[in-house]
Amino acid sequence: MMTYIIRRLMLVPFLLFGVSILIFGMLQFLDPIERASLYIRGDFKSEGQIQAAVKKYCLDCPIYEQYTNWLIGTIDSVSGEREGGILFGNFGWSKTTSQPVADLISHRFPNTLDLTIWAVGPIILIGIWLGVQSAVHHNGIFDQAARIFSIVGTSFPTFVFGLLVLMIFYANLQWFPPGRLSDTYSQVVRSESFHHYTTLLTFDALLNGRIDVFLDALRHMFLPILTLSYLSWATFLRVTRGSMLETLRQEYVTTARAKGLSERDVINKHARPNAMLPVVTLAGFTVVGLMGGVIITETVFDYPGIGAAAAQASAQLDVITVLGFAMFNGFILIVANLIVDILYGVVDPRVRLS
Amino acid sequence: MRKIFTILSLLIVASMVLAACGGAAPVEDPADPAPADPAAPADPAPADPAAPEAMGSSDPTTFTIATFGGPETLDPALAYETAGGEIIQNVYETLVFYDGIHTDKFVPMLAESWEVSDDGSVYTFNIRSGVTFHEGQDMTASDVAYSFQRGLLFGGHASPQWLLAEPFFGVGNDDITCIVDGCASADDREALSANDPATLVAACETVKSAIVADDAAGTVTMTLASSWGPFIATIAQSWGSVLDQDWAIAQGAWDGSCDTWQNYYAEPSESDPLTTVMNGTGPFVFDHYTNGEELVLTRNDNYWQAPAALERVVWKYVDEWGTRFAMAQAGDADFFSVPPENRSQVDALSGELCEFDLAANAYKECVVTDDAQPFRLYKGRPGIARTDMFFVFDINPVSNYVGSGQLDGNGIPLDFFSDVHIRKAFASCFDWDVYISDVFDGEAVQSPVIPLAGMPGYQADMPVYSYDPAVCEAEFKLADVDKDGIPAGEDPEGDVWTTGFRLQALYNQGNTTRQVVSEILAGNLAQVNDLFNVETVGLPWPTFLRTLRNAEGPYFVSGWQEDIHDAHNWYQPYVVGTYAGRQRMDADLKAQFQDLVNRGVAESDPDARAAIYAELNQLFYDQVPTALLAVATSHGYEQRWVTGRTLNPIFSGDYYYTISKK
Amino acid sequence: MSANNEVLLQVKDLEMHFPIYRGVFQRKVGAVRAVDGVTFDVRRGETLGLVGESGCGKSTTGRTILQLYKPTNGGVSFEGNDLLKLKGEEMRLMRRKMQMIFQDPYASLNPRMTVGQLVGEPLMVHNVATGAEINERVAHLLKVVNLNPAFSTRYPHEFSGGQRQRIGVARALALQPSFIICDEPISALDVSIQAQVVNLLEELQEQFNLTYLFIAHDLSMVKHISDRVAVMYLGVFVEVAERDELYAKPLHPYTQALLSAVPIPDPVADAKRARTILKGDVPSPANPPSGCRFRTRCPIAEARCADSRPEFREVSPGHFVACHLVN
Ligand SMILES: Nc1ncnc2c1ncn2[C@@H]1O[C@H](COP(=O)(O)OP(=O)(O)OP(=O)(O)O)[C@@H](O)[C@H]1O
Ligand code: SF4
Ligand SMILES: [Mg+2]
């Protein structure tokens, strides 16, 4: 197992290198002036800005030179300091948010992770529950209702659903506001007495004993979680239901009944765990998807996660930021895949041994 | 495992329910919200729940602006966009500032008064005493001088410093490098540093001798290259802000030495130490900026004037319009930016209308139209930006947008638009009425001249082009595109009227204004003669920008937003600067313009200046290098509980000192 | 093979129809008549062999008896208790006494549980044993079926087919039932192992005084172990008799056909035998023929065979047949 993990980890840099080459290569379809315009925000006023960008980012240099500049940076001739260089942790400067891309990621990612942690529970648990119930009551009323729910869920665009619940639960009822925290609590969090132990807001709030901050954070996360959940439940329901029906047909389920287990135990102890295999894969992808940032949901609910930032950056052709996100997401994806693989072994002993 | 799951899900559900119940007001009084701001959350709920929510803000001391796109930099020397300008304008202060809603009247701020020498080239400012920076130091004349010197030496084309460089170094010298090596090393620190050190020191000394502080007398004397009409207007903007010298140096900004200034030249905002920190003298103190999320200012209780009414001003950067709209409806946003295409949605919720009176140059008394609606609508004030149609006199041969590149009915020759009759024909085929109604829903006015109303040079009675197929046809027949000396209408060998033409009009995808301009033109040209083909082509932004820069498009539709409210800021780019360059305007025409522009800006007597510009206007009308389109009028909203807003269009955003909520 | 006359299990007119659903709204459009009215007894201590072609409803019969399916119709009484009337919990407790060894040794063991858990679970569920006692009992059971008790921490996929079937046996034995339905316990196994498992089952029967319903798909398999044999065709019993009587004197044309297909050890005798080759395919249990189920393939069918269903009659003591032509 250990060697397997190490082998997979050793692949990570190569995969990231591949990703970087790919993205970098695609950029070369633009000529230097077009690329320079990517560094200029909005309409520009002075002709020199373009030239300045070409010069500064060495956009008319040979490709390999530009790539190495990006990879290891350049030494400023005057100050003697290294500028840029992704290998030195410098992902470049995010034009759209005016800060280093690395700062942007390290600030935004905890928010996305926090949302992921809280969203994963409802999404997976309720999604699985729906699927199991619908399989257990195969063709019953619950199953039919769930089927309709699932069709509606998959066909609802996130954007429309998000705005709809925002209008109802925020604009009208004012129960669940968008954003990350109310201004009052955002002051609490910024105060010196509030310690940032984990950088995950909800956990820090609890560790600081600030239940009010914790609840306010949840209040802001409610609609994103609801939206993410509703749209994912449909998928979880379908996959779990299918897998569960398949499992309920298995002989060992009958065996379990014959043993004299109660129906609840038959479903919970024998059928469900075995039906979880495809669900674990789905859950893995879901978690990876959430960690990579959920663009539309974060944007609609003004949630300061990595997805909203990525959307903003790409909408404004902030290539450096997008590049940084792509690298980061690639990394997350690779690591998360590894974790899912390991989890798979936990769920299925047959995988564990082979 | 399963138990943990169950407990966890119960916990989540329970928390959600609790969080929901905590909806209307904070769950409990946060005991110690923030040391800096003890008052804020003390009184959480509005007193009377039965009172209509729409009529009062839940938090009268915190002002929230829901907008998109945060500032690029908070360094006044570098900020050149409204998002940053708005913050700077509320935290830093300038020597002079705009007088209320007027764009051309000024009041003393950090300068108590000032004198101008008779020839208009020396300004002496008496610096106000008793003003302190937010971090405690007293503001002195040296701070003022340092701020301006630093700005000029900072330079670079990505900054607004060219607006100050020209008055100090002379017209055309739009960067500090122009007095080092004739602008050769503009934007290139490496090249600049390669200059002889003595030359570099001399340039810096020139700046220092042009801006001299006398701390004992409390004055700053600025010596311009020559008289500069709009100088006061220029320094009233954010790039005229005063920094605390010691603080700035401590942050890592230019140390004030003439030996090292080149190391700070053309610093990009990513490595500029003042990008995300602020220490001004203004009514609000910079609290924090969470990039791309929010920016918060708090009230300066030690302000040299009476403190502001608002305690906190919060910008929320919310990209999605629907979300901003929800915030406005929930009463959580006091100001909110509305994209033009969503105006009808908000108009329906506007219960108060304030219309601009062009004659009085002020908004009329607001009238309540529907007391049940929460928003107030301001409309009708002409803006400070305009989109126009620029003809390219000498199209780049690499262009893909000129068809065959010849006068054969399937393209245009590269010098097509150098024929004044072609330009006039195009101008006569454009329909302003359709443009104003389609693009602006009627909320725009045609511009008769380059500068805006109220500026020297503005002539409301100047003749304008308008859609007239007969004139359009006549001008095409007067054109001589094949250059045989015979106008097209009489040319036996045929000319543009008989052969026709084909060209591609470009716009950047998503910019519907630019797209519609060409579509209107294309339709009318085809009506006049079905051999005239204009195809509209949408390009991605980078490609569009390249075609602009390389003069590849036959004509381009582009916008200008003024930096300072002065005629020069309009004439300069249109007839000699950026746009004239991109149009590759004929050299002798440009020379005529250059002469008029130079004379105009140097003239400080308004009437004399107007006379010079009138001459320029006539030349511009006759030559029509650019078809001037229309200035959109304002259409903005606020919550009806907002009072005291100063609606000055030159402001970057708003000036929150005067604003309060009821 | 001691058989007394106490009736342990009584099955009367048992029917198991599986509904068929179609369409978006999953409406019931028909039913698979997997078991369509069977009546028989099993006496304590005996082994009743149940034989029939694949798909004729043997497993379904077994499972329906154990109430693993809810019967469509009919009655099952075990030790005098009407199983259909038992409530969930009562039925659950009844399961202690009646167990099943499943046909497929691969599919019938939960792949996520160790052998110890699989065998020990019934003990736990029925509170027969707790804690360390369970481990002891499991070890003992594994020994009984000739498996190494050390294997109890392993997962089913680590075992061979024969070993797994023995795990299934150990599991079935765990609760010391009096009645075990052995659903083709050997047909998925290699011939070499088949004998081992059959011998094991016989030993256990003797040791624990078990009653078996032993299902197999051909007559040769049950000949050795059964006291009596029942023959099934398309959801119904066509013949039941004492073993020797059935093999010597099959009355139903279907039984005769089956027997003629069984190879006899003596190849010479085998060659001389008259063979009845069945023509055609087995009809679908969703749409069985009218009258006698066998008529579509019966070599001696008559007109009345299509009109009325032959009664399952006792033609001689203990010998039941369902055929119009048998007297
Ligand atoms: N759960 C079920 N749902 C629907 N139909 C079923 C179900 N179980 C069995 N059947 C059908 O009932 C009929 C009898 O099946 P059963 O498994 O009892 O046959 P069998 O005699 O045991 O066959 P084999 O020797 O192959 O095991 C078959 O046609 C089968 O397709
Ligand atoms: S009843 Fe008729 S069809 Fe059925 S077995 Fe007897 S003879 Fe054949
Ligand atoms: Mg079977």
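Before any of the text, the structure's been laid out above.
Throughout what follows, the structure given in this document is the object of discussion.

Conventions and cut-offs
- Residues numbered from 1 in each chain as written.
- Chains lettered and ligands numbered in written order.
- Predicted model: local features only at pLDDT ≥ 70, side-chain atom pairs only at ≥ 80, totals over all residues.
- Heavy atoms only, no water.
- Helix = DSSP H or I, 4+ residues; strand = E, 2+ residues; numbered from the N terminus.
- Rg over C-alpha atoms; globule rule 2.2 N^0.38 Å.
- Buried < 20%, exposed > 50% of the residue type's maximum accessible area, 1.4 Å probe, protein only.
- Contact = heavy atoms within 4.5 Å.
- Areas by Shrake-Rupley, 256 points an atom, 1.4 Å probe, with all protein chains shown as cover.
- Core = buried A, V, L, I, M, F, W, Y, C linked by side-chain atoms within 4.5 Å.
- Pairing = 2+ DSSP bridges.
- Near = heavy atom within 4 Å.
- Nonpolar A, V, L, I, M, F, W, Y, C, P; charged D, E, K, R; others polar.
- Salt bridge = Lys/Arg side-chain N within 4 Å of Asp/Glu carboxyl O.
- Axes fitted to C-alpha atoms, helices over the stretch in contact; angles between N-to-C directions.
- Buried area = accessible area lost by both parts, 1.4 Å probe.
- Polar contact = N/O pair within 3.5 Å; in protein donor to acceptor, adjacent residues only side chain to side chain.

A few points about the overall build of chain C
Move 1: On a plain count of helices and strands, chain C comes out with 11 helices and 12 strands.
Move 2: Here the C-alpha radius of gyration of chain C, 21 Å, is about what a compact globule of 327 residues would show, namely 20 Å.
Move 3: Counting the 327 residues in chain C, one finds 52% classified as buried.
Move 4: The contacts in chain C between residues at least 6 apart in sequence include a share of 64% that link residues at least 24 apart.
Move 5: Per element, the accessible surface of chain C, about 14,700 Å² overall, is 50% carbon and sulfur.

Re the nonpolar core
Residue and element names in this part refer to chain B.
Move 1: By size, the foremost hydrophobic cluster in this structure holds 88 residues, and its most contacted members are Phe416, Phe426, Phe476, Val496, Phe501, Leu525 and Tyr555.
Move 2: Of the residues forming this core, the biggest block, seven residues, is contributed by helix α16 (residues 512–528).
Move 3: If you look at the next biggest cluster of nonpolar residues, it comprises 87 residues, including Tyr92, Phe97, Ile127 and Leu243.

Side note on the pairing of strand β20 (residues 555–561) of chain B
Across a regular strand the side chains alternate sides, sitting on one face of the sheet and then on the other.
Residues and elements named next belong to chain B.
Move 1: Summarising burial for β20: five of the seven residues are buried, a large majority.
Move 2: Here strand β16 (residues 385–391) runs beside β20; their pairing, made up of seven bridges, is antiparallel. By the bridge assignment for β20, Phe391 is matched with Tyr555.

Notes on the site of ligand 2
Move 1: Near ligand 2, the surroundings consist of 13 residues, among which Cys292, Cys298, Cys305, Cys323 and His324 of chain C are the closest.
Move 2: Among the residues making up the shell around ligand 2, the classes are represented as 10 nonpolar, two polar and one charged.

Description of the pattern of salt bridges
Move 1: As enumerated under the stated definition, the model contains 47 salt bridges over all chains in all.
Move 2: The residue Arg640 of chain B makes a salt bridge to Glu352 of chain B at a minimum N-O spacing of 2.9 Å. Placement of Arg640 of chain B in the loop between β21 (626–639) and β22 (642–643) and of Glu352 of chain B in strand β12 (residues 350–357) is noted, with a sequence separation of 288 residues between them.
Move 3: Two residues, Glu302 of chain C and Arg304 of chain C, come together in a salt bridge whose shortest N-O distance is 3.2 Å.
Move 4: Taking the relative accessible area as the measure of exposure, Glu302 of chain C reaches 39% and is therefore partly exposed.
Move 5: For Arg304 of chain C, a relative accessible area of 38% corresponds to the partly exposed category.
Move 6: By sharing partners, the salt bridges in this structure join Glu352, Asp371, Arg376, Glu638, Arg640, Arg645 and Asp654 of chain B into a single network.

Describing the sheet that holds strand β8 (residues 211–216) of chain C
Residues and elements named next belong to chain C.
Move 1: Here we have eight strands laid out as an open sheet, ordered β6-β7-β8-β3-β9-β10-β12-β11, and mixed in their pairing. The sheet is open, and its two edges are formed by β6 (98–101) and β11 (313–316), each paired on a single side. Adjacent strand axes in the sheet meet at a mean angle of 25°, parallel and antiparallel pairs treated alike.
Move 2: Relative to β8, strand β7 (residues 179–183) runs parallel, the two being bridged by five bridges. If you follow Phe179 over to β8, its bridge partner there is Thr211.
Move 3: Strands β6 and β7 of the sheet are contacted by helix α5 (residues 161–173), whose axis makes an angle of about 175° with β6.
Move 4: Along the sheet, helix α6 (residues 191–208) makes contact with β3 (47–51), β6, β7 and β8, crossing β8 at roughly 160°.

Some points on the arrangement of the chains
Move 1: Contacts are most numerous, across the two pairs of chains in contact, for chains A and B.
Move 2: Contact between chain B and chain C is absent, and the minimum C-alpha spacing across the pair is 15 Å.

Digging into the interface of chain A and chain C
Move 1: Contact residues are listed per partner, giving 23 residues for chain A and 28 residues for chain C.
Move 2: Taken together, both faces of the contact between chain A and chain C bury some 2,300 Å²; the carbon and sulfur share is 56%.
Move 3: Here chain A and chain C share two salt bridges between them.
Move 4: For the pair chain A and chain C, the number of links is 12 residue pairs in polar contact (both at pLDDT 80 or more).
Move 5: Contributions of two or more residues to the side of chain A that touches chain C are made by α6 (141–155), α11 (251–259), α12 (263–291) and α16 (349–353) of chain A.
Move 6: At seven residues, the largest contribution of residues to the side of chain A that touches chain C is made by α11 of chain A.
Move 7: Class assignment of the residues belonging to the side of chain A that touches chain C gives a composition of seven nonpolar, eight polar and eight charged.

Overview of the site of ligand 1
Residue and element names in this part refer to chain C.
Move 1: Ser54, Gly55, Lys58, Ser59 and Thr60 are the nearest of the 15 residues found near ligand 1.
Move 2: In this structure, an oxygen atom belonging to ligand 1 sits 2.8 Å away from a side-chain N or O atom of Gln103.
Move 3: Glu184 is positioned with one of its side-chain polar atoms (N or O) 2.8 Å from an oxygen atom of ligand 1.
Move 4: Contact with the protein chains hides 66% of the accessible area of ligand 1, taken as 630 Å² for the molecule alone.
Move 5: Those elements that place two or more of their residues in the shell around ligand 1 are β2 (27–43) and α1 (58–65).
Move 6: Counting residues per element, the shell around ligand 1 draws most heavily on α1, at three residues.
Move 7: Taken together, the residues that form the shell around ligand 1 break down as six nonpolar, six polar and three charged.

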